[in-house]
Structure formats: structure tokens, C-alpha cells
Amino acid sequence: MSTHIAAEPGQIAPIVLFPGDPLRARWIAENFLDDAELYSETRGMLGYTGTWQDHRVSVQGSGMGQPSMAIYATELFESYDVQTIVRVGSCGALTERLKVRDIIIAQGACTDSGINRVRFHGLDYAPVADFGLLRAAVEASEAENLDAAVHVGLLFSSDQFYSTRPELTKPFVQHGVLGVEMETAGLYTLAAFHGRRALSICTVSDHIVTGEETTAQEREQTFGDMIRIALSAATA
């Protein structure tokens, strides 16, 4: 039993969908998984296990930011032997090439976080997705009849939601970064360290350039295309 998840051995599946919002975790469990059972509500960070197309799947809230995400990902890998984590989150679009509700499948992630600088003694590490998951997600997005456009590219994982230096994202955009969120770089690093599979799929919930945004309820309950891609990729 881990410190922050506190589930019993065997309660968590080898495949985990990983939203930041615990209420999105509940929505996923109630709308996509069969026979979903709550295994944790410690600190309000909900976790459920059920089945999807005969595959045993869990969904676990991670909280916001790399420090919170890292606690839950580490416990999933080390205490529950989870093999695959697919982040299903929201992000802000950094370029007018994208629209609100578009989906980004993240092949890699840049970051301003000091976490990897500490881990790699000041050197730069390039956190990337598991290629098998990435390929499966792209294939699933092509097979699904989706309303949203799907993009494959880079995310920027920031430690600050309310940045005091928004101009610092400009060179990232110039080098192809599509969106900003707060978890992916850390997740990919931890998965590599533990020899596990990870992928981040994010729906554009707000647009940094145009100012358009979705509501909290929409972010919690209406990003179904992303969930279907994630489930298909994780169980392929």
C-alpha cells in the first residue's frame, strides 16, 4: 500500500489513464469503463479500476504540476507495477494552427522545470513518448470518426500556470511547440527511468493567442475523443 494512493495490491490495473483532474477520472470511470470500482479517494485524488473492451484498465487523478504528478506516477510504477500510463489532460494552444478542442498527441516535451536539471546534474534531457503508444494513438485517431483535429508534436511542460514571463514561450513556438501544460516532461522522464510506457494526449482547453477557453465543466466532462484514442492506444 503506497503513501498517497493507499490501494491494496492487485486493485490497480497494469494500464492507467492519468488525468490531472480527479473529477475527470470519475467521469471517465462512469462513462467509459464497465464495472468500475473506486480503489482510492485519499486526499480527494480519485482512482478507479474497471474494464474496457475486456481489458482491465484503471484511471487515476494526478493533480496539477510535475511535483504532484510525479508522486502518483512513481507510486503507480513502484508500488503497483503499472506498465503503461497515458496522460489524458488539457493544454493551452500556443499557435493559431490549433483550435480549442483540437487534440495533441505529444511525441516529446520541453520544460522550464528544475526537476530534470537536478536529476541530470544541469544537463538537458529530452523526454519523449513510448513509440509504440505514440504510433497506436495516431492509428486510433485515424480510425475514429473524430470531431476534433489531431496534431502530433511537442508540448511545453511549465511549472507556472500564471507565468510572469509569457514571452519566454516564443522561442519554443518558433521551434515547433504546439501547446503548454504542466506534467508531460516529468511523466516521460519517470517512465524512462522505470522502463515503462508513457504517452500524453491533451485536448486544447484554452487558447493562449486568441483567448478562447472552455468552462471547468467542459474540461471535466466533454473531452471524450481524447479518452477513446487513449483507451485504444493503451490496449492495442
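Residues numbered from 1 in each chain as written. Predicted model: local features only at pLDDT ≥ 70, side-chain atom pairs only at ≥ 80, totals over all residues. Heavy atoms only, no water.

Engineer: Please explain the nonpolar core as it appears in this structure.
Structural biologist: Taken as a class, soluble globular proteins show a tendency for nonpolar side chains to be buried jointly. Ile12, Leu17, Phe18, Ile85, Leu199, Ile201 and Ile227 are the most contacted members of the largest nonpolar core, which totals 65 residues. Per element, the largest residue contribution to this core is seven residues, and it comes from helix H8 (residues 224-235). Here Leu17 is in contact with Ile28, Val57, Ser58, Val59, Gln60, Val86, Val88, Ile227, Ala230 and Leu231, once residues within four sequence places are set aside. (Core = buried A, V, L, I, M, F, W, Y, C linked by side-chain atoms within 4.5 Å. Buried < 20%, exposed > 50% of the residue type's maximum accessible area, 1.4 Å probe, protein only. Helix = DSSP H or I, 4+ residues; strand = E, 2+ residues; numbered from the N terminus. Contact = heavy atoms within 4.5 Å.)

Engineer: Could you clarify how one ought to interpret the pairing of strand E6 (residues 103-111) in this entry?
Structural biologist: Every regular strand shows the same layout, with side chains that alternate between the two sheet faces. Pairing between E6 and strand E7 (residues 150-157): eight bridges, direction parallel. Paired with Ala106 across the two strands is Gly153, which belongs to E7. Relative to strand E9 (residues 197-207), E6 is paired through four bridges, and the arrangement is antiparallel. Its bridge partner lying in E9, Ile104 is registered against Cys202. (Pairing = 2+ DSSP bridges.)

Engineer: Just to check I follow, could you spell out the side chain of Asn116 for this structure?
Structural biologist: Along the chain, the position of Asn116 falls in helix H3 (residues 115-119). Overall, the relative accessible area of 8% leaves Asn116 in the buried class. Every residue in contact with Asn116, bar those within four places of it in the chain, is listed here: Leu123, Tyr125, Pro127, Ala185 and Thr189.

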